[in-house]
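Tertiary structure, described
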Amino acid sequence: MDLQKLFYVSAFLLICTAKAINPEAEALLRWKSSLVRANSLSSWSISSSTCSWFGVTCDAAGHVTELHLASVGLNGTLHAFYSAAFQNLSVLDLRNNHLVGVIPANISLFLTLTVLDLSYNNFVGDIPYQLSKLHLIVELDLGNNHLTNPEYAKFSPMFSLKLLSLDNNDLSGTFPQFIANGTNVRMRSLDLSGNAFSGPLPASLPEMIPRLRYLNLSSNGFSGFIPRSLSRLQKLKWLCLNSNNLTGGIPKELGMINGLRKLLLGSNSLGGSIPDSLGQLQLLETLGIRNTSLVSTLPHELGNLTSIRRMYLAYNWLLGSLPPSFARMQEMREFGIRGNSISGTIPQEILTNWTKLVDFDVGGNLLTGSIPSQINNCKDLKFLSLYGNNFTGWIPVEMASMPYLQLLDLSQNHLTGIMPSDIGNATSLKMFDISFNHLVGELPAAISSLVNLIVLDLASNKFTGIIPNIDRKQFSVLNVAENKSLGESFCAFCQLTLLRILDLSNNQLFGELPGCFWNMKDLQSLDLSSNAFSGEVPASTYHNTSLRLLHLSDNKFTGCFPAVIRNFKSLVILDLGNNNISGVIPPWIGESNPLLRIIGLRSNMFSGSIPWQLSQLSHLQLLDLAENNFVGPIPESFANFSLMRQTSMMLPLAEINIQSSSFILSLSDVMDIIWKGHEYTFQGRNAFVTGIDLSGNSLTGEIP
């Protein structure tokens, strides 16, 4: 009897357990089991109600209606996801995970889906055309994957769709036919950016998608003119066509889209002028037309853009002056017009009224006059770039009272006087560049208060003395070239353990070079050229794998070829020219410094034969051994310099990136070289020059 009761109780429990594991829960657990380390789904268990599981939403009847699993670290595929049990699923949000594989076509069988978001994963393969059978779908986001072209001809009209995002995939061809062939009356947002679409933009877009509010076709290969018909999209708020191959100017009709808030047309070859009509866009907050080959003055009508916050006009052919009417744009946060030919002064009323300004970049123009003291009204300013103009006068003392300023670039102007004594009050400064001016005097002691400074460039001025408390700085870049002995205590530079670029060239430094320079583990570029250092280049047992540029030319170094160079495995440029170094070139250079691209040993006292091991340097482009005492034949292996024979295989010189939380500074490897009696800067196009100069020696035999 007891056994019989036990049997009935066990049977009852099994029935209850079976009922507890409903088909939807079973399907979700099956998919979970296919994932790799689904730690975020630990609550998915038969011991709890499905509707209490993480990311699961149910209706009143207990059916799964929504699945929200964005950014939870899921790894795996969707192959095991489909189940006919999901009869009520309306939202499937799996964005920003690590899902892989193809998107299964059976997702289209979830006929109740209104939102499908699989963006920011690693899906591959064609976009399943079956997704177009989701007749209730409102939002479809497949962006930021590696998806390829679907079978467009098999796509059905998606009349309920309001948002379609296919951005940053591997799609190509002309504007997608399934959009072009139908009328998508409900669509509000279309994002095809970051693909390889090409061909013209359809002039019929206003008829295809008449209620469109957000259109992003940027970073593709679309060509031809910007259709004037886009002005009929009267509900449009965002129009992003930047980074394509568009030509034909900016249509004046775009000024008729009254509700436009963002207009990005940059990085095209539009040409032409800036239409006055853009001044009618009184709701516009962002205008981006940088790098578009515009040849234009700045229309004073743009001053009517009283809602504008960001205006990017850099790298065009803009002429004339900054219109005083711009002072009416009192919401301005970011203004960039670098790399043009804007002249005249900065109107004082602009800086008086732009009190919310955060980023002001007018570098690389023809601006004149003094730097307006009204800059002090911009209390929130973080980035100020005035480099490469014709500003004169003193640095305004008001700059010292800008508490949030992080980047200050006043280089390549005609500023005079001394550095403001209160500069130490700008304690947020991370980059301070006043190079190539006419500043004089000693550096104020207050500069030691700039405890956040990463980049300090004082080059080509007439500063004297020393840098106060230099050993306390967290410098990544320090350039004091071409001053008046800013290095009396140059051993202190060795204490800058985070330094990556150090330039002490063209000062009045003398004596023996301290060996501590070789112990700076992060140092990538060291320029001590054009000083009066003497003695031998010191040796070191430390192997610096970071150093890429070493400039010791135009000093009075003696002794043999520096053995320390053997420790620099990443060296790209070596310049020892115009010293008194003697002896032979060691044969180990071919193996110890395999990345060398430039070797400058001109005007020394080297002797002996030229080692054939130099031809082992497969990256070598310039070899300057002129004006020495080399004898014997030219090594036959010199005919085999691989890169010199294949200039098409050259890569640009690598950049040194200095990165902080607020900016990235990229500095290219640069070297001024005397080649065949002429001075060149080894940068840009000249970085691809190749050659060998062996003149002024006593070589014999045939030229290989």
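Scroll up a little and you will see the structure.
This is a predicted model, so every value here is computed, not measured. (Residues numbered from 1 in each chain as written. Predicted model: local features only at pLDDT ≥ 70, side-chain atom pairs only at ≥ 80, totals over all residues. Heavy atoms only, no water.)

**Observations regarding the overall build of the chain**
The test is simple: To qualify as a helix, a DSSP run of H or I must reach at least 4 residues; to qualify as a strand, a run of E must reach at least 2; elements of each kind are numbered from the N terminus. The classification of residues rests on relative accessible area computed with a 1.4 Å probe and restricted to protein chains. Under 20% of the type maximum is buried, over 50% is exposed, and intermediate values are partly exposed. Contacts between residues were defined by any pair of non-hydrogen atoms, one from each residue, lying within 4.5 Å. For accessible areas, the Shrake-Rupley method is used with a probe of radius 1.4 Å. Any residue's cover is judged against the shown protein chains and nothing else.
A count of helices and strands for the chain gives 7 helices and 53 strands. By the burial criterion, 52% of the 704 residues in the chain qualify as buried. Relative to all contacts within the chain whose residues are 6 or more apart in sequence, the contacts with residues 24 or more apart total 53%. Total accessible area on the chain is roughly 29800 Å²; 53% of this is exposed by carbon and sulfur atoms.

**Section: the environment of Leu-513**
Here Leu-513 lies in the loop between strand S37 (510-512) and strand S38 (525-527). Aside from chain neighbours lying at most four places away, what touches Leu-513 is Trp-518, Leu-528, Phe-533, Ser-534, Pro-538 and Phe-557.

**As for the sheet that holds strand S11 (residues 172-173)**
Using the following cut-off: A pair of strands is considered paired only if DSSP assigns at least 2 bridges between the two.
Strand order across the open sheet formed by 4 strands is S11-S13-S15-S17, with parallel pairing between neighbours. The open sheet terminates on both sides in strands that have one partner only, identified here as S11 and strand S17 (245-247). Bridge analysis of strand S13 (residues 196-200) against strand S15 (residues 221-225) gives 3 bridges, and the strand direction is parallel. Opposite Gly-199, over in S15, you have Phe-222 as the bridge partner.

**Observations concerning unusual backbone geometry**
Located in the positive-phi region is Asn-96, a residue other than glycine, with phi close to 60 degrees. Mapping Asn-96 onto the fold places it in the loop between strand S4 (91-93) and strand S5 (98-102). Taking the relative accessible area as the measure of exposure, Asn-96 reaches 40% and is therefore partly exposed. Residue Gln-412 is not a glycine yet carries a positive backbone phi of 55 degrees.

**Some points on a positive patch on the surface**
Put simply, the test is: In this scheme, patches are assembled from residues that exceed 30% relative accessible area and form no salt bridge. Like charges are connected within 9 Å, while nonpolar side chains (Val, Leu, Ile, Met, Phe, Trp, Tyr) are connected within 5 Å. Salt bridges are identified by distance alone: a Lys or Arg side-chain nitrogen within 4 Å of an Asp or Glu carboxyl oxygen. Here Asp and Glu are counted as negative and Lys and Arg as positive; His is not counted, and neither are the chain ends. Lysine's charge is taken at NZ, arginine's at CZ, aspartate's at CG and glutamate's at CD.
A surface patch of like charges, here positive, comprises Lys-162, Arg-186, Arg-211 and Lys-235. As for its position among the elements, Arg-211 is in the loop between helix H4 (205-208) and strand S14 (214-216). Since its relative accessible area comes to 37%, Arg-211 is described here as partly exposed.

**Focus on the pairing of strand S47 (residues 629-633)**
As paired strands, strand S45 (residues 605-608) and S47 are joined by 2 bridges and run parallel to one another. Bridging from a neighbouring strand, Gly-608 pairs with Phe-630 of S47. Bridge count for S47 against strand S53 (residues 698-700) is 3 bridges, and the pairing is parallel. Residue Gly-632 lies in a different strand from S53, and its bridge partner there is Leu-699.

**Quick look at the packing of aromatic side chains**
Basically, it comes down to this: Side-chain rings of Phe, Tyr and Trp (the six-membered ring for Trp) are treated as a pair once their centres are within 6.5 Å; stacked means planes under 30 degrees apart, edge-to-face means over 60, and tilted covers the remaining angles. By definition here, charges over rings are those cases where NZ of Lys or CZ of Arg is within 6 Å of the ring centre and within 35 degrees of the ring normal.
Taken as a whole and judged by the stated rule, the model has 20 aromatic pairs. On the basis of an interplanar angle of 85 degrees and a centroid distance of 6.4 Å, the ring pair of Phe-326 and Phe-335 is categorised as edge-to-face. You'll find Phe-326 and Phe-335 in the same group, each marked buried. Counting every residue linked through ring pairs, the aromatic cluster contains Trp-31, Trp-44, Trp-53, Phe-81, Tyr-82, Phe-86 and Phe-110. Sitting above the plane of the Trp-238 ring, Lys-262 keeps its charged end 3.8 Å from the centroid.

**Side note on the environment of Asn-144**
Relative to the assigned elements, Asn-144 resides in the loop between strand S8 (139-141) and strand S9 (146-148). In the structure, Asn-144 is positioned 22 residues away from Asn-122 in sequence and 7.8 Å away in space, judged by C-alpha atoms. What Asn-144 contacts, discounting residues up to four positions off in sequence, is Tyr-120, Asn-121, Asp-167, Asn-168 and Asn-169.

**Looking at the sheet that holds strand S3 (residues 75-76)**
With respect to topology, 4 strands assemble into an open sheet ordered S3-S5-S7-S9, the strand pairing being parallel. At either margin of the open sheet sits one strand with a lone partner, and together these are S3 and S9. Direction of pairing for S5 relative to strand S7 (residues 122-126): parallel, over a ladder of 3 bridges. Considered in S7, the bridge of Val-102 is made with Val-124.

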